[in-house]
Amino acid sequence: MPLNTQSPTGRLPIYIIGAGSIVNDAHLPAYKIAGFNVQGVVDIVYDKAKATADKFNIPGVFTTLEELLAKAAPNAVFDVAVPGLETMAVLKKLPQGSAVLVQKPMGENYEEATEILQLTRHKKLTAAINFQLRYAPYILATKDLIDKGVMGELNDIEINVNVYTPWHLWDFLYSSPRVEILYHSIHYIDLIRNLLGNPRSVYAKTTRHPSMPGLASVRSNIIMDYGDMIRANILTNHCHNYGTPKQQSYIKIEGSKGAIKINFGALIDYPRGAADSFEYILLEGDKVPKWKKMKIEGSWFPHAFIGSMSQLMLAAEGTIDRPDNSVEDCIHTMACVEAAYRSSEEGGVKPCQ
Ligand SMILES: NC(=O)c1ccc[n+]([C@@H]2O[C@H](COP(=O)([O-])OP(=O)(O)OC[C@H]3O[C@@H](n4cnc5c(N)ncnc54)[C@H](O)[C@@H]3O)[C@@H](O)[C@H]2O)c1
């Protein structure tokens, strides 16, 4: 079913839990663009909440989650962006029946994702996960072409990332048993699922790198299996430490009548980034097909974050039954992540001796 891209009224009050980098760099800049009504913020480090409130003119700054919950309006929308290990404790404290957007990943593994799902069901929360690449402006443009039928049937998706990622910026990754797929390729797995549905199976190999021995894995090859006629591949290398000329990151989508190539710049020369580009080609009768460029306003960071919150607010307002990025949907992304790790551990088929 096509995505409902209607804007929510934006009137529901948003309360932010965790005032770290992603909230300051993406959530709040996105909500400012969208005109959403952010009413409160809390962080276990009060000064971080205060600095965030000052920067984004948020009226309520709280010292504890309990204090925030006591003051929050009954129609509050909670935006949880704490480290994954803290997510369950926060969700347990939210009022029964509330609306909540939870930062990705949905737990550290499938077991934790299932616990989050069960808790949200038990507490009747309207709960969504912040898998936001699905709502990046270039992906919305892609979905528009698909929905118009001009792409025909999709038969090929390739996501190829060859960049240098300064993983040392995220300390917690050094103690995590899972890195690349759980924290990065998860976005691409979620996107492919969002475009093609759930795969039949997943093949994967996730690999370490000699220059980053402290990290569990920093490169991945993932095949999402949709049968004999559809190819869906993710290839990532975050260790290309040879300058920017050969860095690349693209999403290529092919259908029976057209193709799209999105060069997305967010990861190039990180954190500086580079410009995105969106090119597409449509087969029209006997005409010689030509690639065209489409100008897209906005990018993954921060604009996609409008989409993940909009879905939650549309559901909380009663405009749609369930967010597109509901926990009920996103559990399947976590199942694919789990399958990818299992495939990588179990290994491939050994050649005959
Ligand atoms: N969607 C994305 O693309 C994306 C990108 C980056 C990070 N993330 C996710 O967002 C989350 C936060 O990441 P970050 O980079 O902002 O980390 P961060 O460390 O910069 O921020 C986390 C903040 O949460 C606060 N905090 C911790 N426990 C808390 C609690 N119980 N109550 C209130 N505040 C608490 C910390 O003091 C800190 O300020 C992580 O789960 C991460 O995986 C998602």
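## So, the environment of Thr120
Inference 1: Relative to the helices and strands, Thr120 resides in helix α5 (residues 110-122).
Inference 2: Separated by 18 residues in the primary sequence, Thr120 and Val102 have C-alpha atoms spaced 11 Å apart.
Inference 3: Among all residues touching Thr120, those that are not within four sequence positions of it are Leu125, Ala127 and Val327.

## Observations regarding the site of the ligand
Inference 1: Near the ligand there are 23 residues, and of these Ser21, Ile22, Asp43, Lys48 and Gln132 occur at the shortest range.
Inference 2: Separating an oxygen atom of the ligand from a side-chain N or O atom of Lys48 is a distance of 2.8 Å.
Inference 3: With respect to the ligand, the side chain of Glu86 contributes an N or O atom lying 3.3 Å from a nitrogen atom.
Inference 4: Within the complex, the protein chains bury 83% of what would otherwise be the 850 Å² of accessible surface of the ligand.
Inference 5: Those elements that provide at least two residues to the shell around the ligand are α1 (21-34) and α7 (180-196).

## Focus on helix α2 (residues 46-56)
For an α-helix, the turn length of 3.6 residues means that residues three or four places apart are oriented alike.
Inference 1: When we look at burial in α2, the residues that qualify are Ala49, Thr52, Ala53 and Phe56. Here the buried residues of α2 occupy an arc of 100° about the axis, which is enough to place them on one side. Across α2 from its buried face, at more than 90 degrees, point the exposed residues Asp47 and Lys55.
Inference 2: Considering only its buried residues, α2 is in contact with α1, β2 (37-42) and β3 (60-62).
Inference 3: At the C-terminal side of α2, Asn57 shows a positive phi close to 50°.

Here is what the cut-offs are and how they apply
- Residues numbered from 1 in each chain as written.
- Predicted model: local features only at pLDDT ≥ 70, side-chain atom pairs only at ≥ 80, totals over all residues.
- Heavy atoms only, no water.
- Helix = DSSP H or I, 4+ residues; strand = E, 2+ residues; numbered from the N terminus.
- Contact = heavy atoms within 4.5 Å.
- Near = heavy atom within 4 Å.
- Polar contact = N/O pair within 3.5 Å; in protein donor to acceptor, adjacent residues only side chain to side chain.
- Areas by Shrake-Rupley, 256 points an atom, 1.4 Å probe, with all protein chains shown as cover.
- Buried < 20%, exposed > 50% of the residue type's maximum accessible area, 1.4 Å probe, protein only.
- Arc of directions from axis to C-beta.

So yeah, pure geometry; function would need other evidence.
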